[in-house]
Amino acid sequence: MSKNLQEILRGTRPLVSQRGANRHRVNTERWQQITGRLGRGLDLLALWADPAEVHMAVHSSDGGALVIVSHKISDGVFPSVAAHHPAAGLAERIIRDLNGVHGDATPDARLWLDHGHWPLRAPLAPTPQAAQKAPPYGFLGADGEGIHQIPVGPVHAGIIEPGHFRFFCVGETVVRLEARLGYTHKGIEKLLEGKTPQDAAPIVARISGDSTVAYALAFARATESATNTEIPERAHWLRALLAELERLANHCGDVGAICNDAAFALMHAHFGLLREDILHAANLAFGHRLMMDVIMPGGVSRDLDTAGERALRTLFDGLRARLPDLIDLYDNTPSLQNRTRNTGTLSPKLAAKFGAGGYVGRAAGRGFDARKATPYPPYDQLDFEVPCLEAGDVNARIWVRIQEIGQSLHLCDAILGRMGKGDIQVPLKKTGNKPREGVALIEGFRGDIFMWVRLGKDGRITRCHSRDPSQYHWPLLEAVIEDNIVADFPICNKSFNCAYSASDL
């Protein structure tokens, strides 16, 4: 915990002490002091609510444990975080839609997830309200001579998730972009209520299909934190192997897809083949191409046998043999470089202010990686580098991915070389007939994923909240497209590759 945060919290006692975080109840003055430091030494990890309180998870930019602070909700109102820290804007809108409470001076009170088609309003409130017809969505717009609008979506010309993008342009130049999401809302947090951790795990693993390993890992670690369960050593190593395989598959897919949006289909074809090889090897090793439901609370459900390890080693040798020529092809194709350099540039200042994670943040100078910043097993025993660049453009986001592919291959070799024999799963400990809370922060391929869970006396979930890195990346995508041409939006959008499903919950 940073000295500034220690000073603010001096005199408060943790309500809940859990592995990885303490939770403190604070008054309005201390809440606002913490809010005032967000983006200036403190990073906002998550903001969510339950019927009685609003909760904020923060982490010091210079390292240390994460901390959760809670503030009571009075008459449906709490002190707004978004009024002082724009990165909290979407979180406050989600709280309003799901919980029926709002920040006292929130700058944007428009509905976000609720499009007026739900059977009821505020489904997480103690007493959900009757459904009402939602007013027409008011885009923020832009003023000026010659500005015209281009609506795109929510249905797109491809097998992709739905989202609406409203462009305000002068000629081909984008003056403002505003995204409207919520089309893939599934009621995840409500679905988890009353479930045992084991029954909830498959639901959490489907929050976002391309990050199924990451979400399963975050949820498992949060429930293990709540129950103070120590899992077998081999299970930690298998989890890391699964996470790095998922990172490899997604980064390879992304590099090819970005190049495809620049009309360079050759790279798309080659990296698509690499991704297919990774998924095929994952299926041989763990019985599922996406490795879904392998990580469970208490360990993993499937071990790696000799044939699976052989398939993975063959995969890694093949990737190392083929990647150098493809990287040279990317770096030595001027027409492709012309599309990716100085396009969709994110400034380091804005990346730091919004706490951008993953390749979005690391391409713009913010080197945060949960595997390093809040180390968890077995990454605390592994030596690896976190690629970090400053340019902040599409090219930088590609290069961070390329460098992370190399680091993931290095980590996979180390994991296979150091993983010992032993058990792979244990049952979660009983909660001792009292409520428990647990928290986890893990590094998915897009960036850091936050997970918080509260278990009742019977060990069943009473509240669970997750936060995807895309919650902070969507507003940044809107920012970086300004002053670019409309034709560059697809390549900017793909270089961010924000999650729709994980953002909509």
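What you see is a predicted model; the values in this text were computed from it and never measured.

J.: Which residues make up the pattern of salt bridges, and what values do they have?
T.: Enumeration according to the criterion identifies 29 salt bridges in this entry. One salt bridge connects Asp488 with Arg339, and the closest N-O pair in it is separated by 3.1 Å. You can see Asp488 sitting in the loop between α15 (470–480) and α16 (489–496) and its partner Arg339 sitting in helix α10 (residues 334–340), a full 149 residues away along the chain. For Asp488, a relative accessible area of 11% puts it in the buried group. Taken together, the shared-partner salt bridges in this structure form one network comprising Glu244, Arg247, Arg362, Asp369, Arg371, Glu404 and Glu443.

J.: Tell me about the sheet that holds strand β11 (residues 164–170), and please be specific about residues and values.
T.: The three strands lie next to each other as β10-β11-β12, forming an open sheet whose pairing is antiparallel. With one partner strand each, in any of the chains shown, β10 (147–152) and β12 (173–180) form the two edges of the open sheet. The average undirected angle you get between the axes of adjacent strands in this sheet is 20°. Note: β10 against β11, six bridges, orientation antiparallel. Across the sheet, Ile147 pairs through a bridge with Val170, a residue of β11.

J.: Account for the pairing of β11, with residues named and values stated.
T.: By the criterion of burial, β11 is predominantly enclosed, with six of the seven residues buried. The pairing of β11 with β12 spans seven bridges and is antiparallel. Residue pairing for β12: Arg166 is matched across the bridge by Glu178. Taken together, β11 and the strand that follows it, β12, pair antiparallel across an intervening segment of two residues, in which Gly171 is found at a positive phi of about 65°.

J.: So what about the environment of Glu224? Which residues, and what values?
T.: Tracing the chain through its elements places Glu224 in helix α6 (residues 212–227). Using a relative accessible area of 2% as the deciding quantity, one classes Glu224 as buried. As a C-alpha pair, Glu224 and Ile73 span 151 residues in sequence and 29 Å in three-dimensional space.

J.: Let's hear about helix α7 (residues 233–261): which residues, and what values?
T.: Given a rise of 1.5 Å per residue, 29 residues ought to cover 42 Å, and the 43 Å separating the end C-alpha atoms of α7 matches this to within 8%. In terms of residue burial, α7 counts as a mostly covered element, since 25 of its 29 residues are buried. Just past α7, the residue Ala263 takes up positive phi, approximately 65°.

J.: Hey, could you go over the layout of surface pockets for me, with residue numbers and the actual values?
T.: Taken as a whole, the largest pocket encloses approximately 1100 Å³ of empty space. As for the largest pocket, its lining consists of 42 residues, of which Ile159, Ile160, Ala257, Lys494 and Asn497 are closest to the centre. Of all the elements, α7 adds the most residues to the lining of the largest pocket, at ten residues. Of the residues belonging to the lining of the largest pocket, the class tally is 20 nonpolar, 13 polar and nine charged. Roughly 520 Å³ of volume is contained in the second largest pocket. Around the second largest pocket, the lining is made up of 25 residues, and of these Pro86, Asp108, Leu140, Pro475 and Glu478 lie nearest the centre. Residue assignment for the lining of the second largest pocket shows that the elements contributing at least two residues are α3 (89–99), β12 and α15. Among the elements that line the lining of the second largest pocket, the one with the most residues is α15, at six residues.

J.: Lay out the packing of aromatic side chains with the relevant residues and their values.
T.: Two numbers describe a pair of aromatic rings. These are the distance of the centres and the angle of the planes. Counted according to the given criterion, the structure contains ten aromatic pairs. Considering the side-chain rings of Phe167 and Phe489, the 5.0 Å spacing of their centres and the 85° angle between planes classify their relative orientation as edge-to-face. Of this pair, Phe167 sits in strand β11 while Phe489 sits in helix α16, and the two are 322 residues apart along the sequence. The exposure class of Phe167 is buried, given its relative accessible area of 2%. Judged by relative accessible area, which is 8%, Phe489 ranks as buried. Summarising the aromatic geometry, the rings of Trp474 and Tyr500 are spaced 5.0 Å apart at their centres and angled 70° between planes, so their arrangement reads as edge-to-face. Note that Trp474 is positioned in helix α15 and Tyr500 in the loop between α16 and α17 (501–504), a separation of 26 residues in sequence. Here Trp474 and Tyr500 have matching classes, each one buried. Three or more aromatic residues joined by ring pairs form one cluster here, namely Phe165, Phe167, Trp474, Phe489 and Tyr500. Above the ring of Tyr379, the side-chain terminus of Arg371 is found at 5.5 Å from the ring centroid. Its end group placed over the ring of Phe384, Lys372 keeps NZ or CZ at 4.5 Å from the ring centre.

Quick notes on the rules
- Residues numbered from 1 in each chain as written.
- Predicted model: local features only at pLDDT ≥ 70, side-chain atom pairs only at ≥ 80, totals over all residues.
- Heavy atoms only, no water.
- Salt bridge = Lys/Arg side-chain N within 4 Å of Asp/Glu carboxyl O.
- Helix = DSSP H or I, 4+ residues; strand = E, 2+ residues; numbered from the N terminus.
- Buried < 20%, exposed > 50% of the residue type's maximum accessible area, 1.4 Å probe, protein only.
- Pairing = 2+ DSSP bridges.
- Axes fitted to C-alpha atoms, helices over the stretch in contact; angles between N-to-C directions.
- Expected span 1.5 Å × (residues − 1).
- 1 Å grid on protein atoms, 1.4 Å probe; cavity = no way out; pocket = protein on both sides within 12 Å on 5 of 7 lines; lining within 4 Å.
- Points joined across faces, edges and corners; volume = space filled by probe spheres on them.
- Nonpolar A, V, L, I, M, F, W, Y, C, P; charged D, E, K, R; others polar.
- Phe/Tyr/Trp six-rings, centres within 6.5 Å; stacked < 30°, edge-to-face > 60°.
- Lys NZ or Arg CZ within 6 Å of the ring centre and 35° of its normal.

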